[in-house]
Amino acid sequence: MTQDTSAVHPATGSSDTESVSVGCPVSGGGYDAPPQPLGPDSLTWRYFGQWTGMLQGPWAGSMQNMHPQLGAAVEQHSIFFLERMPRLFRSVYPIGGVVFDGYRAPTTGAQVRDYHIGIKGVDDQGRRYSALNPDVFYWAHATFFKSTLLAAEWVGGGLTEAQKRQLFDEHVEWYRMYGMSMRPVPKTWEEFGQYWDHMCRNVLEDNWATRTVLDLSTMPKHPSLEWMPTWLWRVNLAVMQRFFNFTTVGLFDPAVRELLGYTWSPRQERLHRLFGRTVYRVTRLVPRRMTMHPRKRSAWDRATGRLPVDAPLVETPRRNLPPVEYRDDPHFYSPKV
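Cut-offs used in this document
Position numbers for residues count from 1 along each chain, tracking the sequence in the order it is written. Two thresholds apply to this predicted model, a pLDDT of at least 70 for residue-level local features and 80 or more for giving and counting side-chain atom pairs, whereas whole-chain, interface and lining totals are computed over all residues. The side-chain numbers reported here are obtained from all heavy atoms of the structure, hydrogens and water having been left aside. Helix numbers and strand numbers start at the N terminus; a helix is a DSSP run of H or I with at least 4 residues, a strand a run of E with at least 2. Every radius of gyration here is taken over C-alpha atoms, with the globule rule written as 2.2 Å times N^0.38, N being the number of residues. Partly exposed residues are those whose accessible area sits between 20% and 50% of the maximum for their type, while under 20% is buried and over 50% is exposed, using a 1.4 Å probe and protein chains only. By the convention used here, residues are in contact when the closest approach between their heavy atoms is within 4.5 Å. Per-residue and other accessible areas follow the Shrake-Rupley method at a 1.4 Å probe size, with only the shown protein chains counted as cover for residues. UniProt positions are given in the numbering used here, feature names are shortened, and annotations may be inferred rather than shown by experiment. Between Lys or Arg on one side and Asp or Glu on the other, a salt bridge is scored when a side-chain nitrogen of the former is within 4 Å of a carboxyl oxygen of the latter. Distance and chemistry together define a polar contact, namely a pair of N or O atoms within 3.5 Å, with one atom able to donate a hydrogen and the other to accept it when in protein, and with adjacent residues in sequence counting only for side-chain atoms on both sides. For a helix, the expected span equals 1.5 Å multiplied by the number of residues minus one.

Trainee: A description of the overall build of the protein chain should follow, citing residues and the corresponding values.
Mentor: Helices and strands together make up the secondary structure of the protein chain, namely 14 helices and two strands. Here the C-alpha atoms of the protein chain give a radius of gyration of 20 Å, agreeing with the 20 Å that 2.2 N^0.38 yields for 337 residues. Viewed in the frame of its principal axes, the protein chain has a C-alpha envelope of about 55 × 50 × 45 Å. A buried classification covers 51% of the 337 residues belonging to the protein chain. Intrachain contacts of the protein chain at a sequence separation of at least 6 include 73% that bridge at least 24 residues. Surface exposure of the protein chain reaches about 16,500 Å², of which carbon and sulfur atoms provide 56%.

Spelled out as structure tokens, the structure:
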């Protein structure tokens, strides 16, 4: 079923149908109306897209990859492990754009979705997978939503029950930007809790892609760090490994810790919460715009009049682009910068 997902330019009133038409739903469960992008009055704009979100990088990557189909797709199709840091840093731009691009958000969502076209196959256990399976695609989005909740509670000062429900409703609208089937999306905040618990207890697996995300020992240098001696980079990785083990395991659900064989003591829990409160207090002393990722910061600038509403979207800098031989591959976000 094909639906019109055209957007209207807020400044000119003109339709952006042609550029957004690729954002039509790719499977059943279309929309009754075009998706409405989130705006600066949303809680998602407040908590998502902060630089402190990088503290959750290994958590998000491992949680996504524990899904059997997603983990198989990463193992067989992704070059993430050849260029971890550039991939992480550049991916935040289009992913954040689905939240922050305003009337252009459905176009960005369609672009993100279409990077996954053709990513399918059979895993080493003979199970078929597809990156555009609605259940798989929604799981990845569910981890983005859960990371927003965790960021707000851990390093963002906390949430009320009403705010959690508001963030849930906003994550539904956020997901609509992709033009995917809405079938897998829980209907209520309570159903989402049941869905998340079921996934953690009954669906997620301990697999190669997950373990490789959590193991930083072989992570290549970012291109901007080529000046660093190899011995110093190895020391840096050892420190990062201990730090991210602490931050990541503390964010895992108990069922996921058990699945992966981690232990977690009450003392570690207290230290983890103390660290989160410390980050929150420190970031409150920093000018607000400095805490924002560039894609988010430019969105706030458009919303507050610092920039024209139709100002060009901020794209990743050249240092984060994929290897040259992959830059024309439609599976990769590789803007002309």
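Trainee: Would you mind going over the UniProt feature "domain: ER-bound oxygenase mpaB/mpaB'/Rubber oxygenase catalytic" (unreviewed entry) in the protein chain in detail, with residue names and values included?
Mentor: UniProt marks residues 45-279 with the feature "domain: ER-bound oxygenase mpaB/mpaB'/Rubber oxygenase catalytic" (unreviewed entry), using the numbering shown here. Helix makes up 64% of residues 45-279 and strand 3%, whereas the separation of the span's terminal C-alpha atoms amounts to 19 Å.

Trainee: Lay out the pattern of salt bridges with the relevant residues and their values.
Mentor: Under the criterion given, the structure shown has 16 salt bridges. Measuring nitrogen to oxygen at the nearest pair gives 2.7 Å for the salt bridge that ties Asp 101 to Arg 295. Here Asp 101 is found in the loop between α5 (84-100) and α6 (105-114), whereas its partner Arg 295 is found in helix α14 (residues 294-304), with 194 residues between them in sequence. Both residues of the pair, Asp 101 and Arg 295, count as buried. One salt bridge in this structure joins Asp 123 and Arg 127, with 2.7 Å as the shortest N-O distance. Looking at Arg 127, the relative accessible area reads 30%, which means it is partly exposed. Here the salt bridges share partners, and the residues they tie into one network are Asp 101, Arg 295 and Glu 315.

Trainee: Any details on the side chain of Thr 212? Residues and values, ideally.
Mentor: Structurally, the position occupied by Thr 212 is in helix α10 (residues 208-214). Here Thr 212 falls in the buried class, since its relative accessible area comes to 15%. One polar contact links the side chain of Thr 212 to the main-chain carbonyl oxygen of Trp 208, over a distance of 2.7 Å. Apart from residues lying up to four places away in sequence, Thr 212 is in contact with Phe 81 and Arg 84.

Trainee: Could you give an account of helix α8 (residues 161-176), naming the residues involved and the relevant values?
Mentor: For α8, built from 16 residues, the straight-helix expectation of 22 Å at 1.5 Å per residue is met to within 8% by its first-to-last C-alpha distance of 24 Å. Regarding α8, the residues found buried are Gln 163, Lys 164, Leu 167, Phe 168, Glu 170, His 171, Val 172, Trp 174, Tyr 175 and Arg 176. Buried residues belonging to α8 abut α2 (43-47), α5, α7 (134-154) and α9 (189-203).

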